[in-house]
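Observations on the three-dimensional arrangement
Chain by chain, the residues run as shown.
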Amino acid sequence: MTNATLKRLSLVIGAPVLALVTAFLITSLVLAVAGDSVSGVWGQILSLPTPRGYVNIINSATVYYLSAVAVAIGFRMNLFNIGVDGQYRIASFVAAIVAGEAWLPGYLNTVFAVLAAMLVGAAWAGIAGILRVTRGVSEVISTIMLNAIATVVVAYFLRKAAVEHKGSNTIATKEIPEGSRVPGFTWSEDVPAKIYGFVLVAILVGILYWVIINKTRFGFDLRATGLSETAAVASGIDVKRMVLVSMLLSGAIAGLVGMPLLFGNDYSYGSTFQSGLGFAGIAIALLGRNHPVGIALGALLFAFLDEQSNPLQILLDVSPDIVKITQGVIVLTVVIAYEVVRRNGIRLEQRSVANALEDEAPKEEVKA
Amino acid sequence: MSIVTAPLDEPLQPEPRKRRKLSVAWLLIGFAVFMLLMSLLRVATGANDLNSSGTIRATIIAAIPIGLAGLGGLWSERAGIVNIGLEGMMILGTFGAGYFGYFYGPWQGVVGAIAFGAIGGLLHAIATVTFGVDHIVSGVAINIIGLGAVQYLAVLAFTGVPGGGQTQSPRIDDLPSVTISALSNPLGDLEQKHWFLVSDLAAFVRAFVNNLSLLTLISLALFFFTYWVLWRTTFGLRLRSCGESPAAAESLGVNVIRYKFIAVLISGGFAGLAGGFLALVASNTFREGQTGGRGYIGLAAMIFGNWRPSGLLAGAGLFGYTDTLRLRGGGESIHGLMLLIAVLLLLVAAWQWRKANRISALVSAILGIVVAVWFFATESVPEDLTGMTPYLTTLLVLALASQRLRMPAADGKTYRKGSAG
């Protein structure tokens, strides 16, 4: 029995490693077929980051982490919130307007804007939730449509709300006043780049996520619904309410995704605001198996790959887009590896149960 | 009023509902009603571009990639595999068309598009059928891989090529197209008269006889081909049985795993062709970001069409049409369309009220009134906002129709060989 558990444990740890190795092999194959230098690319990507690189990795991992947690909340109950992308963009835009207008002084303004972002994110996700609960529209389709609608809506209002920025021909909202910006930490004396203050918020969100999912009634209901909807209904869980609430919660966290960028780096929402974070979040949530620590590792891995591939174009004349293939393949190989491990685990368990029964059987015969 | 009278009109014992099939007659009646509505709308709003032959032609070109992507979805979902990776496969298809189309010729481009899409299908099949990974997870991964791969390959293939660049191919040669000028010219004259209904019909027919690409015709034929294969052959029956009840299918000797694998491969081919159509017919070049989410809209069109080719064709037409109006007439045409939406919403409200669905009737009525007020209060829809018409239409249609839809019973469920027990 303990032997089987040990075997299973080694498989669980082995799975992500196996998946990473496979992903690297596949990427190498693509590089080789395309005629790019395989060793050169890996040499660059797997080298130690620069001091500035470390800061960049932590910063983008912070943003990825929030996005992935937002997705993971839905995943835990089999809800696919593909719409984190639209939710964070529309929420960041509203927060930028609110913070830029500065109705409240100093950090009150920051808190107010962040709350507004969470509210807007929740509302945007809530549309999909309501459609799912009342009309049975799959949240996969509705959130994808809402992403596209968010793009149009934000572009429209951005043009209306945009102000002139000196020396730039991109349009953006009014800048957030100095007093409401969130200061960062310095890594060391010689590196001017700063780590976002929002990294603390991301850690807090991770802890709260763990507590809510694992230690509360709500979290239990959520996981129960995700594992078996029929069983959840039978035990008195209002599944419709759960769908709506988790969608709102997921959207609220999605509203936070753009905040580190807004208050720590950009200070306004413009046409150059980073996009596509929601889709990265889906991949990272899958990679981290919806576990707060797993997601953190996944976010760091993705941020690491992004940062290390940046100089590829200059150094080796290789498009940095190659790591997007790696990232996609990692997602696929990780889920495949886990599936293989799960099947093997079940097989091992069945064998151990069969063995235990065989040991048991003769005793009963003696009794009879 | 109807609260009291409606139950009395109906027989006390509800008769067993007849299954209403979408026969040819129904399709023709639907088409006639649609033409009548459109000509009424054109006359009422004065937006002549609502159904000119140019608009219809553009609609066909806009609808076919969506429809082909939807066919891709249909093939795999009928075999029980949800395919949200259509978008990624379509992106692969645009590159396949761009690469083979530019370096070898347009027909080779078509083959390249199908082949590249099928590679995406192969990935999806290995992940979902062989390894039993969650279908949506695999689809999301394929979308990421497809996008990344094409961005990477485009830099390799087209940098330094005359007329090409890191994100686009040079111009690809045209595929041959057909014009029947004996019909096209007189119909064109008739259309210019703007007579009620007659001109509208002329415009509709003219769109099909004037400068139509061969690939368009082939694509239209593929809808009928799909219907024939899936609903009129043994192969199709077996394939669909894998989507409805794989355990039963396997107990009858169907090789479920093989059928699912083939279906997903074909699905990828269709999605690739959809991308190829964008590159070869709709624009003559490969460009990054050319698909613009059409894979997802194709999936929505298929759901809207209740997992059937005829419904899918109607859905694709609807999305293609709203997309076209946005590009051609812009705000004015979309504004005209709002009247239609308002009327349809109010009709739905009345119908739901009759069926005693009070809440949905009220919601539809309120939405309808809002749209109507918006229509009468404004002259045009802001140009920037017209971009969301296809997506908003999708949401609206799904919200109104999704409860009458039935997907294949085992759709999205992982099947393992030997589960029949």
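Small disclaimer: the values here were computed from a predicted structure and weren't measured.

This part is about the overall build of chain A. What chain A contains, in helices and strands, is 15 helices and two strands. When its C-alpha atoms are laid out on the principal axes, chain A stretches across 90 × 55 × 40 Å. Per-residue burial over chain A gives 46% buried out of 368 residues. A separation threshold of at least 6 residues defines the contact pool for chain A, and within that pool the share at least 24 residues apart is 76%.

For chain B, the count of helices and strands is 17 helices and two strands. Across the 421 residues in chain B, those meeting the buried criterion constitute 50%. Considering only contacts in chain B between residues 6 or more positions apart, those separated by 24 or more positions represent 77%.

Glancing now at the domain arrangement of chain B. According to the domain assignment, chain B consists of domain 1 (47-326) and domain 2 (330-379). If you average the C-alpha positions of domain 1 of chain B and of domain 2 of chain B, the two centres end up 31 Å apart.

Glancing now at the nonpolar core. Buried together is how nonpolar side chains tend to be arranged in soluble globular proteins. Within the largest apolar cluster, 226 residues are counted, with the highest numbers of intra-cluster contacts made by Tyr64(A) and Ala95(A). Ala95(A) has contacts with Ala113(A), Val114(A), Ala116(A), Ala117(A), Met259(A) and Leu262(A), leaving out every residue within four places of it along the chain.

Residue and element names in this part refer to chain A. Closest axis-to-axis distance for the helix 4 (residues 84-101)/helix 6 (residues 139-161) pair is 8 Å, and the angle between their directions is 20 degrees. In terms of axis orientation, helix 4 runs roughly parallel to helix 6. In this structure, helix 4 crosses over helix 6, and the sense of that crossing is left-handed. Residues Asp85, Gly86, Arg89, Ile90, Phe93 and Ile97 of helix 4 form the contact with helix 6, whose own contacting residues are Leu146, Asn147, Ala150, Val153, Val154, Leu158 and Ala161. Of the residues that constitute the contact of helix 4 with helix 6, the class distribution is nine nonpolar, two polar and two charged.

For the rest of this paragraph, the subject is the confidence of the model for chain A. The share of residues in chain A with pLDDT of 70 or more is 93%, and the mean pLDDT across the chain is 85. Helix 10 (residues 239-256) of chain A holds the highest mean pLDDT among the elements of chain A, 93, whereas strand 1 (residues 185-186) of chain A holds the lowest, 78.

To continue, consider the domain arrangement of chain A. Interface size is often expressed as the accessible area that is lost when the parts come together. Residues and elements named next belong to chain A. Here chain A is described as being made up of domain 1 (1-36 + 318-356) and domain 2 (49-312). With ten residues of domain 1 at the interface, the matching set in domain 2 holds nine residues. Looking at side-chain class alone, the side of domain 1 that touches domain 2 contains eight nonpolar, two polar and no charged residues.

The next point concerns unusual backbone geometry. All names here are of chain B. The backbone of Asn284 sits at a positive phi, close to 70 degrees, despite the residue not being glycine. By the C-beta count within 10 Å, which is 16 here, Asn284 ends up partly exposed. Its identity is not glycine, yet Trp307 carries a phi of approximately 60 degrees, on the positive side.

On to the interface of chain A and chain B. If you look at the interface, chain A gives 35 residues, while chain B gives 38 residues. For the side of chain A that touches chain B, the secondary structure elements donating two or more residues are helix 5 (106-135), helix 6, helix 12 (277-287) and helix 15 (322-367) of chain A. With twelve residues, the single largest contributor to the side of chain A that touches chain B is helix 15 of chain A. The class makeup of the residues in the side of chain A that touches chain B is 25 nonpolar, five polar and five charged.

Among the structural elements, Tyr156(A) can be located in helix 6. Overall, Tyr156(A) belongs to the partly exposed group, with 17 C-beta atoms counted inside 10 Å. Those residues in contact with Tyr156(A) that lie beyond four places of it in its chain are Pro382(B), Asp384(B) and Leu385(B).

Let us look at the packing of helix 9 (residues 214-232) of chain B against helix 12 (residues 256-282) of chain B. All names here are of chain B. Contact geometry for helix 9 and helix 12: axes closest at 10 Å, N-to-C directions at 150 degrees. By the criterion of interaxial angle, the relationship of helix 9 to helix 12 is roughly antiparallel. Where helix 9 abuts helix 12, its residues Leu215, Thr216 and Ser219 lie against Phe277, Leu280 and Val281. When the residues that make up the contact of helix 9 with helix 12 are grouped by side-chain class, the tally is four nonpolar, two polar and no charged.

Here chain B shows a mean pLDDT of 82. Residues at 70 or above account for 90%. Note on residues 1-19 of chain B: pLDDT is under 50 here. Beyond four places in sequence and across chains, it has three contacts.

Every buried residue of helix 10 (residues 234-244) of chain B is listed here: Leu239(B), Arg240(B), Ser241(B), Cys242(B) and Gly243(B). Turning to helix 10 of chain B, the residues buried within the fold contact helix 3 (53-78), helix 9, helix 11 (246-251) and helix 12 of chain B.

All names here are of chain A. Secondary-structure assignment places Thr110 in helix 5. For the pair Thr110 and Thr22, spaced 88 residues apart in sequence, the C-alpha to C-alpha distance is 44 Å. Sequence-distant contacts of Thr110, defined by excluding residues within four places in its chain, comprise Ala99, Ser180, Val182 and Phe263.

All names here are of chain A. End to end, helix 4 covers 25 Å across 18 residues, agreeing with the expected 26 Å (1.5 Å per residue, within 8%). Of all 18 residues in helix 4, 16 are buried, a share of seventy percent or more. Downstream of helix 4 by a residue or two, Ala102 has a phi angle that is positive, lying close to 50 degrees.

This paragraph deals with the environment of Ser180(A). In this fold, Ser180(A) is placed in the loop between helix 6 and strand 1. Sequence-distant contacts of Ser180(A), defined by excluding residues within four places in its chain, comprise Ala99(A), Ala102(A), Gly106(A), Tyr107(A), Asn109(A) and Thr110(A).

Calculation criteria
Residues numbered from 1 in each chain as written. Chains lettered and ligands numbered in written order. Predicted model: local features only at pLDDT ≥ 70, side-chain atom pairs only at ≥ 80, totals over all residues. Helix = DSSP H or I, 4+ residues; strand = E, 2+ residues; numbered from the N terminus. Buried ≥ 20, exposed ≤ 12 C-beta atoms within 10 Å, placed from the backbone. Contact = placed C-beta atoms within 7 Å. Domains from an automatic or database assignment. Core = buried A, V, L, I, M, F, W, Y, C linked by C-beta atoms within 7 Å. Axes fitted to C-alpha atoms, helices over the stretch in contact; angles between N-to-C directions. Parallel < 35°, antiparallel > 145°, perpendicular 65-115°, else oblique. Left-handed = near helix turned anticlockwise from the far one by under 90°. Nonpolar A, V, L, I, M, F, W, Y, C, P; charged D, E, K, R; others polar. pLDDT = per-residue confidence, 0-100. Expected span 1.5 Å × (residues − 1).

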